Amino acid sequence: MQELIVTGPGELAWIDSPSPTLRSTEGALVRPIAAASCDLDRRLIACSTPFKPPFAIGHECVAEVLQVGEQVSGVQRGDLVSVPWKIACGRCAACLRGLSSACTAVTKYAAYGVPAGGHWGGLFSEEVYVPFADAMLVPLPAGTDPRAVASASDNLTDAWVATSTPLQQRADARVLVVGGTESLGILAVQMARVAGAAQVDYLDSDDYRRALAELSGANVDIGASSALDERYDVVIAATRDEQALNSGLLGLAPGGHCSCIGIMFEPPRIPLFDLYMRNVTLSVGVCSVRHHIPTVLELVNSKQCDPLVVCPQIITCDDAPQALIDPQAKCIMVRERITTTVAPTERHT
Ligand SMILES: [Zn+2]
Ligand SMILES: [Zn+2]
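Below or above, wherever it landed, is the structure these notes cover. Keep in mind it's a predicted model, so treat the numbers as computed, not measured.

1. Let's talk about the packing of aromatic side chains
For step 1, the next point in the chain: Per the stated rule, a full pass over the model turns up 1 aromatic pair.
For step 2, the next point in the chain: Arranged with centres 6.4 Å apart and planes meeting at 15°, the rings of phenylalanine 273 and tyrosine 276 form a pair that is stacked. Of this pair, phenylalanine 273 and tyrosine 276 both sit in helix 8 (residues 272-278), 3 residues apart, roughly one helical turn.
For step 3, the next point in the chain: Taking relative accessible area as the criterion, tyrosine 276 reaches 63% and is therefore assigned exposed.

What follows is the structure, encoded as structure tokens:
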């Protein structure tokens, strides 16, 4: 089978590798048919993270199920499923608390597409092993567009959790989204509107993303960042820039909450005393997506949000090594299904 491998800084290649085997009665083999670039992928490919090549890239996809172990009951061959980025057992103490990102049944940080807790393959690859099929895989409801929910594995669900959690306690909240990464800010704008924000402002210096944010329902003409002080109940920081993060933090009103969903590898300086005096909360962390994916699939299917707004590039496998190096926003790589069952009426013709 073909694996998409980061071979060096800014270098991607399809490499022939042995197909994974079904190593557990609880496992499954799946074939990604719509794989999305996560906002982290560009930096993983550029090798500007602590994770060094070679490694298989990709941790967001919808896949078709090829084969399942004999103990698997939730999915079967031919099903389309969302594959969460994190490898998790579903029954350890951490998983039972909803912290699948901290599953203790596997190596710490075990995930697809990032060599942080071993090598588990990448979700752009042709075949992938899923060790805990029932705990991890989420079947797509009939009629779901796989491309639209390809990023439910990570970015789309992350955006939902980061916005809906603080908004649950703050009806009619004024929300500021600080954009900066390729897609998370735009997705957060959409999710803030779904979650009941009274107003969503968007701060970003990039004209292309500002246009997508406006298309997604944000107000993008919000004046200078220095004039935002204490205006917002909820801030979503989808940025890697320390100054932009601080503009967002200082935009928090007393009692506000900031969800920080951009990944910064270097520790930022933040205005802790200003935050202290406002009695605010700050959440930072990888999203344990698994429990929230069914909700996100429903939001997309009921057209309450449209993730394809941030997916201007639908690409083939051949395009992927070049397109993923510097994507405009999100790229969705599509691949033919091979398990499509023949409709009963066509069987005897
Ligand atoms: Zn990611
Ligand atoms: Zn677990």
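2. Digging into the pairing of strand 10 (residues 199-203)
Remember that side chains alternate between the two faces of the sheet whenever the strand is regular.
For step 1, the next point in the chain: Burial of strand 10 is extensive: 4 of the 5 residues sit out of reach of the surface.
For step 2, the next point in the chain: Inspection of the sheet shows strand 9 (residues 174-178) paired to strand 10 by 5 bridges, in the parallel sense. Bridging from a neighbouring strand, leucine 176 pairs with aspartate 201 of strand 10.
For step 3, the next point in the chain: With respect to chirality, the unit in which strand 9 leads through helix 5 (residues 184-194) into the neighbouring parallel strand 10 is right-handed.

3. Points about the coordination of the zinc ion (ligand 2)
For step 1, the next point in the chain: Around the zinc ion (ligand 2), the protein supplies Cys89 (SG), Cys92 (SG), Cys95 (SG) and Cys103 (SG) as donor atoms, at distances of 2.3 to 2.4 Å.
For step 2, the next point in the chain: For the zinc ion (ligand 2), the 4 donor atoms are set out with angles of 104 to 117° between them, so the coordination reads as tetrahedral.
For step 3, the next point in the chain: Sequence positions of the residues that donate to the zinc ion (ligand 2) give the spacing C-x2-C-x2-C-x7-C.

4. Re the sheet that holds strand 9
For step 1, the next point in the chain: Strands sit in the order 10-9-11-12-13 across an open sheet of 5 strands; the sheet is parallel. Each of the sheet's edge strands pairs with one partner strand only, and the pair in question is strand 10 and strand 13 (281-284). Within this sheet the neighbouring strands show an average axis-to-axis angle of 15°, counted without direction.
For step 2, the next point in the chain: Pairing of strand 9 with strand 11 (residues 232-237) involves 4 bridges; the strand directions are parallel. If you follow leucine 176 over to strand 11, its bridge partner there is valine 235.
For step 3, the next point in the chain: Against the sheet, helix 7 (residues 242-250) engages strand 9, strand 10, strand 11, strand 12 (252-260) and strand 13, with an angle of about 145° to strand 12.

What counts and what doesn't
Residues numbered from 1 in each chain as written. Chains lettered and ligands numbered in written order. Predicted model: local features only at pLDDT ≥ 70, side-chain atom pairs only at ≥ 80, totals over all residues. Heavy atoms only, no water. Phe/Tyr/Trp six-rings, centres within 6.5 Å; stacked < 30°, edge-to-face > 60°. Helix = DSSP H or I, 4+ residues; strand = E, 2+ residues; numbered from the N terminus. Buried < 20%, exposed > 50% of the residue type's maximum accessible area, 1.4 Å probe, protein only. Pairing = 2+ DSSP bridges. Right-handed = clockwise from strand over helix to strand, strands pointing away. Donors = N, O, S within 2.8 Å, 3.2 Å for Na, K, Ca; no water. Tetrahedral: all angles 85-135°; square planar, octahedral: opposite > 155°, others 65-115°. Axes fitted to C-alpha atoms, helices over the stretch in contact; angles between N-to-C directions. Contact = heavy atoms within 4.5 Å.

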